[in-house]
Amino acid sequence: MSQLRHPVSTCATRAAQWKMWLFKVFSVIYAVAVCASEDNDATTYSYRESESTAPPPFEPPVPVLERTSSWSDVFSSEKVVLECKATSSSELIITWKKDGSPLGSGPNLSPSPDKSVLTITASSTQDSGNYTCVVEGKKKPSQTKESGPVKITVYDPPTPGLQLQTAWKDVFEGEAVEFRCHVVSSTPGWTFTWHRNKQQLQNNPVEIINGDGSSLKINPVRQTHKGSYTCKAHLTSRGVNSGFSNEVMIQVSEIPVPTLKLVTKWPDVFPTESVNMICEMQTDSADWTYAFYRDGTKVQHYNSDNLSITSASTSDGGSYSCSGKLKSRDVYSTKGSPLNLHVDAEKPTLTLTRDPEYDVMFAGEAVTFSCAISVQSEWTYLWYINGSKVTGSSDKLKVQIRGTADQGSYTCKATRGQNSAFIIDSSGAKQLKVQENKPKPTITQQPDAKKLYVGENVSFECKVENSDGWSYDWYKDEASIPNNSNSLKMKGLVLLNGGVYKCKAKREKTGFNTEFSDQRTVQISEIPVPTLKLVTKWPDVFPTESVNMSCEMQKDSADWTYAFYRDGTKVQHYNSDKGRNLSITSASTSDGGSYSCSGKLKSRDVYSTKSSPLNLHVYDAKPTVTLEQNPAHNLMHSEDSVSFNCHVNVSSGWTYLWYKDGSKLDLSGSKYNITSVATKDSGSYKCNVSRGTERVFYSSYSNKIKLNVEERPKASIVLLTGWSDVFSTDSLSLKCEVKESTHNWMHYTWFKEGERIDSFNVTHTVTPSNDPDQSTYTCCAHADERPLYSKSSDSFKTKNLLLKRRVLLSISGCIVFGIAAVLIGCVALRVFRKPNGRDDKMEEVNLFPTMAELKITDVPCPLVEYITDASLNAPAKEEEEENGTVCSETTPLPITKQEDQAATTDNQETTETNGGLSSFLK
């Protein structure tokens, strides 16, 4: 059995292999045909890379870098020459590097024409580094080779140091000075130049010391030599110059002339008195010693700056002068101007006087003693009482008598000088007698009242014990009153009479004043005028509204009672339980009028005038409240804005109350703005106003305004391209329409990926040229009547159109070649298959189902999957729609990207109607 069935099985197997082989051959042929057709397609771009064999890269020689200049350590402004040596240099490109980085161009770099030689003019220490050169062949491709580094170090020229060899900078004419300039450098051969005030010195003695410095000596010094000295260092062999050294200032002065002064401050001297003179220079006087001369004869050699005469006599008089010598150097000055000294033959006398000249003085009085001398110059006075010294140094001694301890015998002396003081003999004595206890007057007032009013009378009396010889002074607010008697009377008081009163007594002959009496304060006031105020904050009220008024004085309001008047008629009397308030609980038109009030002092019969009038106006009806809408459309659409204004025709201080469909809204203010209306905002609106706290007053309701809000119509995108059109075109046609709306839509705005595109027609065509990749589209419609614009459509996302065409061509090609393969396979079986008693048939796989089979089975059509994607074009949720593209009444705005939405599933009915997939579904 197995041997008989083996040929049949082999034949069947071979037939299946032939069928698969033929299928692969036809697939290859079809692929080649498709590629050929793609080469002719206007929307397909391809190219074939040419095959070429690249030559091996050129490998240049390794260059050698050499420094051809004399030194690698250079100073600023010196030059360094580097040469890059390499064989076949004419075929090479040479570049330079510094510290591994490419070396750019600059004014301090001078390369040769072939770049093989580089001249570097060092400008700063930043030019220091490791330099290399890189070579590369001119023909491409080529490799690069880099030389070894050459290190270049750039130094700033050293700054020389300048020192003054002499011990002083301030010199006098005729002296000598010496400077020394040196540099710290390992490079030999430095020379120096000298400068005064930045100007180079000429023809001055310059001497080189040890080869590393120089000295400048000036002898003798003159005024022309003063100034600021500096030096410079020069490396002449290499053309290197340093900057200026530090400055050394030399001051050249003339030898000063001394000045002779008296330490004692008087030029007239008395016998036995000491005299002290001092000789000094204008500056640095301590550096000098001095000699003194009298009438040209030296009386003291160079030593100190003082000349002292301990006990003068007439022989010490004369013309004195001095000269100076510098302590550290042999510098001598000339004599200064002379000073004349006069010595009297006798001492002066003193005269003592007293003011006033009363024999008896009182405690609290003051007396002045004066000590006079015939020669008035720098005297210090000494005072004595009963032979004991008292404090005082001027020529006057003022004694403020405190008691009997200040009485006694007074004398004075005069002295001047410090170490050996000169004292004049004592003056004659003056006697002083003192009586204890300074009196204090008493003051009384009638009537004894703290507060007085205009028109009253008052009198004061001032008394002093032991009043013989006394007169009286009166004071009001520290100002004197012209009255010398012991009483002061005032009738018909006015405001100016108010103040603080006191008195004191004095003696006519001595001018001695007693202490002040105690003070009496008189307060005189006008009767105050009350002020009537509204406690409520509005002067115009409405029927049933409450009103509260308050009458009060500026000061001491609690001491007064009040009466109230309306149009001159008293409506509330004094001593009312209501105090200073007048209340109207429910106003009517009869309560309107001119109100005023007056006050009465509780303790005395003092009445004030009436206050300024306060006008109260009471309306005969409640205020009118008007509600206005802007814009005044009865029908609004979602996303519109609307504003309500609640207006009151009179008065102020209102609180606004808002209502919708009879329910109170949580709002305040006279305006209610809705920036974006929704259907929930539909309803009937009204308002009213109120004011007051304890008793609240409400107005009538305003007119009602009914607001209707409808949803704004929404646009949608429809795919107009049918299934039969895909074989003849590679574009899609989209249409923007507003369903369930009879509105006259004028033009449309299209958006691609949220960005506005230049298309205003109802349709928009998508081609591979304007949308090579899949994109998301939305649109909205516009009209010239309300609503002026629609909501933005849901997102519509297309697939790659070029891939669509390729898939359609592939499917059709597969069907054609599949049928041909079946036919060829059947012919081959008939030729190669041997007859058999039993025909064993293998179960064949239907590789290419017919359109009828596809329709019967649930296998999805591939064309549907590639043109539209149901999962991508699914309708968006409400949340996504709210965040999508928004159209406005003006220019359409950009929208945010939504999730991709397709039209195949949602618009299947429309597609079938337009002939779109009918031939494939049947």
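Residues numbered from 1 in each chain as written. Predicted model: local features only at pLDDT ≥ 70, side-chain atom pairs only at ≥ 80, totals over all residues. Heavy atoms only, no water.

## Details of the overall build of the protein
Right, so step 1: Per the secondary structure count, the protein includes seven helices and 69 strands.
Right, so step 2: For the protein, the residues scored as buried account for 39% of the 922 residues in total.
Right, so step 3: Across the protein, every contact between residues at least 6 apart in sequence was considered, and the portion connecting residues at least 24 apart equals 63%.
Right, so step 4: For the protein, the accessible area works out to roughly 53300 Å², and carbon and sulfur atoms hold 50% of it. (Helix = DSSP H or I, 4+ residues; strand = E, 2+ residues; numbered from the N terminus. Buried < 20%, exposed > 50% of the residue type's maximum accessible area, 1.4 Å probe, protein only. Contact = heavy atoms within 4.5 Å. Areas by Shrake-Rupley, 256 points an atom, 1.4 Å probe, with all protein chains shown as cover.)

## Considerations on unusual backbone geometry
Right, so step 1: Going from Asp 355 to Pro 356, the amide bond is cis rather than trans, its omega being 0°.
Right, so step 2: Structurally, Pro 356 is set in the loop between β29 (350-355) and β30 (360-362).
Right, so step 3: Despite not being glycine, Asp 99 shows a phi value in the positive range, around 55°.
Right, so step 4: Within the element layout of this structure, Asp 99 appears in the loop between β4 (92-98) and β5 (101-102).
Right, so step 5: Residue Asp 99 is classed as partly exposed on the basis of its relative accessible area of 48%.

## What about the sheet that holds strand β28 (residues 339-343)?
Right, so step 1: The five strands lie next to each other as β22-β28-β27-β24-β25, forming an open sheet whose pairing is mixed. Edge strands, defined here as strands with exactly one partner in the open sheet, are β22 (268-269) and β25 (297-300).
Right, so step 2: Bridging between strand β27 (residues 318-326) and β28 involves three bridges; their strand directions are antiparallel. Across the sheet, Gly 318 pairs through a bridge with Leu 341, a residue of β28. (Pairing = 2+ DSSP bridges.)

## Overview of the sheet that holds strand β59 (residues 671-674)
Right, so step 1: Taking strand neighbours across the sheet as the criterion, the three strands line up as β54-β56-β59 in an open arrangement whose pairing is antiparallel. Strand pairing shows two members of the sheet lacking a second neighbour, β54 (625-630) and β59, which therefore form its edges. If you compare each strand with its neighbour and ignore which way they point, the axes differ by 10° on average.
Right, so step 2: In this sheet, β59 lies alongside strand β56 (residues 642-648) in antiparallel orientation, the contact comprising four bridges. When the bridges of β59 are listed, Asn 645 appears paired with Lys 671. (Axes fitted to C-alpha atoms, helices over the stretch in contact; angles between N-to-C directions.)

## Side note on the pattern of salt bridges
Right, so step 1: Counting across every chain of the model gives 25 salt bridges.
Right, so step 2: Here Glu 78 and Arg 238 are joined by a salt bridge, their closest N and O atoms 2.7 Å apart. Taken as a pair, Glu 78 in the loop between β2 (73-75) and β3 (79-85) and Arg 238 in the loop between β18 (227-235) and β19 (240-241) lie far apart in primary sequence, 160 residues in all. Grouping residues by exposure puts Glu 78 and Arg 238 together as buried.
Right, so step 3: Close ionic contact of Asp 330 with Lys 325 constitutes a salt bridge, the shortest N to O distance being 3.9 Å.
Right, so step 4: Residue Lys 325 is classed as buried on the basis of its relative accessible area of 17%. (Salt bridge = Lys/Arg side-chain N within 4 Å of Asp/Glu carboxyl O.)

## Observations regarding the packing of aromatic side chains
Right, so step 1: One pass over the full model with this rule turns up 22 aromatic pairs.
Right, so step 2: Geometrically, the ring pair formed by Phe 644 and Tyr 685 is stacked, given 4.8 Å between the ring centres and 25° between the ring planes. Highlighted residues: Phe 644 in strand β56 and Tyr 685 in strand β60 (residues 683-691), separated in sequence by 41 residues.
Right, so step 3: Within the aromatic cluster, the residues linked to one another by ring pairs are Phe 542, Tyr 619, Trp 654 and Phe 697.
Right, so step 4: Between Lys 502 and the ring centre of Phe 516, over which it is positioned, the NZ or CZ distance is 3.9 Å.
Right, so step 5: Sitting over the face of the ring of Tyr 659, Lys 686 holds its NZ or CZ atom 5.9 Å from the ring centroid. (Phe/Tyr/Trp six-rings, centres within 6.5 Å; stacked < 30°, edge-to-face > 60°. Lys NZ or Arg CZ within 6 Å of the ring centre and 35° of its normal.)

## Quick word on the state of the cysteines
Right, so step 1: According to the stated counting rule, one finds eight disulfides in the structure shown.
Right, so step 2: Bridging Cys 371 to Cys 412, the disulfide has an S-S length of 2.0 Å. In this structure the cystine formed by Cys 371 and Cys 412 twists about its S-S bond by roughly 70°; its chirality is therefore right-handed. Placement of the pair is Cys 371 in strand β31 (residues 366-373) and Cys 412 in strand β35 (residues 408-416), with a sequence separation of 41 residues. You'll find Cys 371 and Cys 412 in the same group, each marked buried.
Right, so step 3: At a sulfur-sulfur separation of 2.1 Å, the disulfide partner of Cys 462 is Cys 503. Negative torsions about the S-S bond denote left-handed disulfides, and the value of about 85° found for Cys 462 with Cys 503 makes this one right-handed. Residue Cys 462 is located in strand β40 (residues 458-463), and its partner Cys 503 is located in strand β44 (residues 499-507); the two are separated by 41 residues in the primary sequence.
Right, so step 4: What makes Cys 503 buried here is its relative accessible area of 0%. (Disulfide = S-S within 2.5 Å.)

## A few points about the pairing of β27
Right, so step 1: The buried fraction of β27 amounts to eight of the nine residues, a majority that puts the element mostly inside the structure.
Right, so step 2: In this structure, strand β24 (residues 288-294) lies alongside β27, joined through seven bridges in antiparallel fashion. Within β27, the residue paired with Trp 288 across the bridge is Leu 326.

## Quick look at the environment of Asn 630
Right, so step 1: Tracing the chain through its elements places Asn 630 in strand β54.
Right, so step 2: For the pair formed by Asn 630 and Phe 644, sequence separation is 14 residues and the distance between their alpha carbons is 6.4 Å.
Right, so step 3: Asn 630 has contacts with Val 642 and Ser 643, leaving out every residue within four places of it along the chain.

## Concerning the confidence of the model for the protein
Right, so step 1: Across the protein, the average pLDDT comes to 78, with 80% of residues at 70 or higher.
Right, so step 2: Put simply, helix α7 (residues 918-921) is where the protein has its lowest mean pLDDT, 31, and β56 is where it has its highest, 93.
Right, so step 3: Every residue in residues 34-52 scores below 50 in pLDDT, and together they form eight contacts with partners more than four places removed in sequence or on other chains.
Right, so step 4: Long-range and interchain partners of residues 837-848, a stretch whose pLDDT sits below 50, account for nine contacts in this model, where long-range means more than four residues apart. (pLDDT = per-residue confidence, 0-100.)

## Regarding the side chain of Gln 300
Right, so step 1: Looking at where Gln 300 falls in the secondary structure, it is placed in strand β25.
Right, so step 2: For Gln 300, a relative accessible area of 19% gives the class buried.
Right, so step 3: A polar side-chain atom of Gln 300 sits 2.9 Å from the main-chain carbonyl oxygen of Asn 306.
Right, so step 4: Those residues within four positions of Gln 300 in sequence are excluded, and the remaining contacts are Ala 291, Phe 292, Asn 306 and Leu 307. (Polar contact = N/O pair within 3.5 Å; in protein donor to acceptor, adjacent residues only side chain to side chain.)

## Section: a nonpolar patch on the surface
Right, so step 1: Together, Val 454, Val 494, Leu 495 and Leu 496 make up a nonpolar patch on the protein surface, roughly 360 Å² of accessible area in all.
Right, so step 2: Relative to the assigned elements, Val 494 resides in the loop between β43 (487-490) and β44. (Patch = residues over 30% accessible without salt bridge, like charges linked within 9 Å, V, L, I, M, F, W, Y side chains within 5 Å.)

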